[in-house]
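A structural walkthrough
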Amino acid sequence: MFFGLCAAIFQADQTTAVTLQNLDEFPTLHGSYAPQGDCARQPRVLVDRTGFNFESKSGTEKAKTPELAMTYAGPNYAGISLWFFPFFSVDGPNPLLLTFNAGEQEGVLTVEAYDYDYPGGPKLPAKYRPLVDGSPYRKCP
């Protein structure tokens, strides 16, 4: 009985995710995102059918096969936010979590450190720091 209950709790706590080959199914997310929606500023996140492009003073990096965290907010979530791991690895650590329509606000994107920066844990690699520090972003007009 105890082990069955533990298994049920463990399964209920899991996020259903799927690796995407492209972002064709998310055309409303396509576009450029920058701090306060000012696309003259960096860092920027560019979203198109091929994936995510991250631009900062330290360079540009493309995430071609992101992971969509389908049940990140729970299996009954019915809001407009969408969660992606742009550089997902089953073995981890996963550096970033992107939340589109963050706070149920269309066009708002947050970029957070995921498997990093928790008390006692590893620090986020420097190349990702500007992306986290630039958050939240707004979709450019």
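You'll find the structure just up there.
In this report, we go over the structure that sits alongside the text. Computed from a predicted structure; not experimentally measured. (Residues numbered from 1 in each chain as written. Predicted model: local features only at pLDDT ≥ 70, side-chain atom pairs only at ≥ 80, totals over all residues. Heavy atoms only, no water.)

Considering the overall build of the protein chain
For the protein chain, the helix and strand inventory stands at 2 helices and 10 strands. Across the 141 residues in the protein chain, those meeting the buried criterion constitute 37%. Taking the intrachain contacts of the protein chain between residues at least 6 apart in sequence as the baseline, contacts between residues at least 24 apart amount to 47%. Counting only carbon and sulfur atoms, one obtains 55% of the accessible surface of the protein chain, whose full area is about 8300 Å². (Helix = DSSP H or I, 4+ residues; strand = E, 2+ residues; numbered from the N terminus. Buried < 20%, exposed > 50% of the residue type's maximum accessible area, 1.4 Å probe, protein only. Contact = heavy atoms within 4.5 Å. Areas by Shrake-Rupley, 256 points an atom, 1.4 Å probe, with all protein chains shown as cover.)

So, the environment of Glu 25
Here Glu 25 is to be found in the loop between strand S1 (17-19) and strand S2 (31-35). For the pair Glu 25 and Arg 49, spaced 24 residues apart in sequence, the C-alpha separation works out to 8.3 Å.

Looking at the pattern of salt bridges
Any two side chains of opposite charge can pair, so long as their charged atoms come close to each other. All chains considered together, the criterion is met by 6 salt bridges. Linking Asp 48 and Lys 62 is a salt bridge whose minimum nitrogen-to-oxygen distance equals 3.9 Å. A residue pair is termed long-range when its members are at least 10 positions apart, and Asp 48 in strand S3 (residues 44-48) and Lys 62 in strand S5 (residues 59-63) qualify at 14 residues. A relative accessible area of 30% means that Asp 48 is categorised as partly exposed. (Salt bridge = Lys/Arg side-chain N within 4 Å of Asp/Glu carboxyl O.)

Quick word on the side chain of Glu 67
Position of Glu 67 relative to the elements: it lies in strand S6 (residues 67-69). The residues contacting Glu 67, other than those within four sequence positions of it, are Ala 17, Val 18, Thr 19, Trp 83, Phe 84, Phe 85 and Phe 88.

Section: the pairing of strand S7 (residues 82-85)
Taken together, the 2 bridges between S6 and S7 define a ladder with antiparallel strand orientation. Counted as the bridge partner of Leu 68 is Phe 84 from S7. Strand direction decides the pairing type here: S7 and strand S8 (residues 96-100), joined by 3 bridges, are antiparallel. Following the sheet pairing, Leu 82 is matched in S8 by Phe 100. (Pairing = 2+ DSSP bridges.)

With respect to the packing of aromatic side chains
In total, this model carries 12 aromatic pairs according to the counting rule given. Ring geometry for Phe 85 against Phe 88: centres 5.9 Å apart, planes inclined by 50°, an arrangement best described as tilted. Residue Phe 85 is classed as buried on the basis of its relative accessible area, which comes to 6%. A network of ring pairs unites the aromatic residues Phe 26, Tyr 33, Phe 52, Phe 54, Phe 84, Phe 87, Phe 100 and Tyr 128 as a single cluster. (Phe/Tyr/Trp six-rings, centres within 6.5 Å; stacked < 30°, edge-to-face > 60°.)

With respect to the environment of Arg 41
Structurally, Arg 41 can be placed in the loop between S2 and S3. Here Arg 41 falls in the partly exposed class, since its relative accessible area comes to 36%. When the C-alpha atoms of Arg 41 and Ser 56 are compared, they prove to be 9.3 Å apart, with 15 residues separating the residues in sequence. Excluding anything up to four places from it in sequence, Arg 41 contacts Ala 34, Pro 35 and Gln 36. At 2.5 Å, the side chain of Arg 41 forms a polar contact with the side chain of Gln 36. (Polar contact = N/O pair within 3.5 Å; in protein donor to acceptor, adjacent residues only side chain to side chain.)

Let's talk about the state of the cysteines
Going through the model one piece at a time under the given rule, you end up with 1 disulfide. Note on cysteine connectivity: Cys 39 is disulfide-linked to Cys 140, with sulfurs 1.6 Å apart. Looking along the S-S bond of the Cys 39-Cys 140 disulfide, the torsion reads about 80°, which is the right-handed sense. Linking Cys 39 in the loop between S2 and S3 with Cys 140 in the segment after strand S10 (137-139), this pair joins segments that are 101 residues apart in sequence. Residue class for Cys 39 comes out partly exposed when judged on its relative accessible area of 28%. A residue is classified by how much of its surface remains accessible, and Cys 140, at 16% relative accessible area, is buried. (Disulfide = S-S within 2.5 Å.)

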